[in-house]
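The lines below spell out each chain.
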Amino acid sequence: MKDPFLSLAVPELAKAVQPLADWLQLPTLPLHIHEVLGAALLYTVIFWPISPLLSGWLAPKTYYGLTKRKRVNWDAHVVSMVQCIFINVLAVWVVLFDETRRTMGWEERVWAYTETSAMVQALAAGYFLWDLIVTRMYLDVFGIGALAHAAAALIVYSLGFRPIVNYYSTVFILWELSTPFLNVHWFMDKLGMTGSKLQFYNGLMLLFSFLSARLVFGTYYSLQVLHDLWMASNHRVSAEKRVSVGMVHVTDQTRVPAWIMISYLLSNMTLNYLNFYWFFKMIKALRRRFDPVQTTPVDTKPNGTATATGSTKVATPRRRKA
């Protein structure tokens, strides 16, 4: 399949980035640099001024009632919502309709280059580039965990321009299938819908999608990509395989460098650790919102005042998080 955005390439931009691509050994980066920077620019414009203007118009009381720090978080969630829907649609389209992916063995999954997989990789890299910059600028808002996630994801998607594990760009971006539910849940908190039935059902979908897309699907493919890289580091690619789709940068001496193996191992360990950590954090957050009423002992003195010896039901207040 063809990359629909490849025709928008800017030759001058590709030429300008060529020395950097040569130095970093990323030969396919110039082909897709317009997609990387275009995505980063798009999300920057959505972050400001589109989100503040649109949010102030649609929810003025809520948006302008937030502190400056919380508005930054709101605007970042707007960007995340746009990005996750856009990239998920593209990734699902590639997985379902790119016929070349279905016959790939470990050699092609590691070394083959296809336009559509590189497109998803470039657009994802553009988002994580934006995410890294904004998270670093507002580290007090997003925290070190979000910064580590952005850095690890950007490294993984940038290395794909060698090209290497181009196949897995669409696989790992499908982790974002849980993100729309996460963003909806967050916006419900801010819009006074905490504890509502709608938030409860959305929370169930969030946990299910996060568990299946990130913890099950994601962990399985994290192990598979490490297996494929291990195979590529210890086996030569046959001449027959080298003439297959997109393996133009592979020779009979091509191996996966040890530093790439280590980078993928550390990045995958970081991302998977964060996924499990965030999953249990989400469970705690949902339980705080939907725990049943608690029982507090109460006894009545002869003068009518209450002491904590009997029992009665006292509703647990639902506090809306910032």
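All of these numbers come straight from a predicted model, not from anything done at the bench.

Cut-off values and rules
- Residues numbered from 1 in each chain as written.
- Predicted model: local features only at pLDDT ≥ 70, side-chain atom pairs only at ≥ 80, totals over all residues.
- Heavy atoms only, no water.
- Helix = DSSP H or I, 4+ residues; strand = E, 2+ residues; numbered from the N terminus.
- Buried < 20%, exposed > 50% of the residue type's maximum accessible area, 1.4 Å probe, protein only.
- Contact = heavy atoms within 4.5 Å.
- UniProt positions renumbered as here; feature names shortened; annotations may be inferred.
- Phe/Tyr/Trp six-rings, centres within 6.5 Å; stacked < 30°, edge-to-face > 60°.
- Axes fitted to C-alpha atoms, helices over the stretch in contact; angles between N-to-C directions.
- Parallel < 35°, antiparallel > 145°, perpendicular 65-115°, else oblique.
- Left-handed = near helix turned anticlockwise from the far one by under 90°.
- Nonpolar A, V, L, I, M, F, W, Y, C, P; charged D, E, K, R; others polar.

Check the secondary structure of the protein and you find 12 helices and 4 strands. Per-residue burial for the protein yields a buried fraction of 46% across its 322 residues. At a minimum sequence separation of 6, the contacts of the protein that also span at least 24 residues come to 74%.

Another point: the UniProt feature "transmembrane region" (unreviewed entry) in the protein. Summarizing the sequence annotation, UniProt attributes the feature "transmembrane region" (unreviewed entry) to residues 40-60, 72-96, 116-134, 141-161, 167-188, 200-223 and 258-280 in the numbering used throughout. Across residues 40-60, helical content stands at 95% and strand content at 0%; the span's end C-alpha atoms are separated by 27 Å. In the segment residues 141-161, helix accounts for 90% and strand for 0%; the C-alpha atoms at its two ends are 31 Å apart.

Another point: the packing of aromatic side chains. Counted by the stated rule, this structure contains 21 aromatic pairs. Measuring from centroid to centroid gives 5.1 Å for Tyr167 and Tyr168, while their planes differ by 85 degrees, and the two rings are edge-to-face. Tyr168 carries the same exposure label as Tyr167, and that label is buried. For the ring pair Phe210 and Phe279, a centre distance of 6.0 Å and an interplane angle of 20 degrees mean the geometry is stacked. Here Phe279 lies in helix 12 (residues 258-290) and Phe210 lies in helix 10 (residues 197-234), a separation of 69 residues in the sequence. Taken individually, Phe210 and Phe279 each receive the classification buried, so the pair is uniform in this respect. A network of ring pairs unites the aromatic residues Tyr43, Phe47, Tyr127, Phe128, Trp130, Tyr138 and Tyr157 as a single cluster.

Okay, the packing of helix 1 (residues 11-24) against helix 2 (residues 29-58) next. Interhelical geometry of helix 1 versus helix 2 gives an angle of 115 degrees and a closest axis separation of 8 Å. The pairing of helix 1 with helix 2 is recorded here as roughly perpendicular in orientation. Here the hand of the crossing between helix 1 and helix 2 comes out right-handed. Two secondary-structure elements touch here, helix 1 through Leu13, Ala14, Val17, Gln18 and Ala21 and helix 2 through Leu29, Pro30, Ile33, His34 and Leu37. Across the contact of helix 1 with helix 2, the residue classes tally to 8 nonpolar, 2 polar and no charged.

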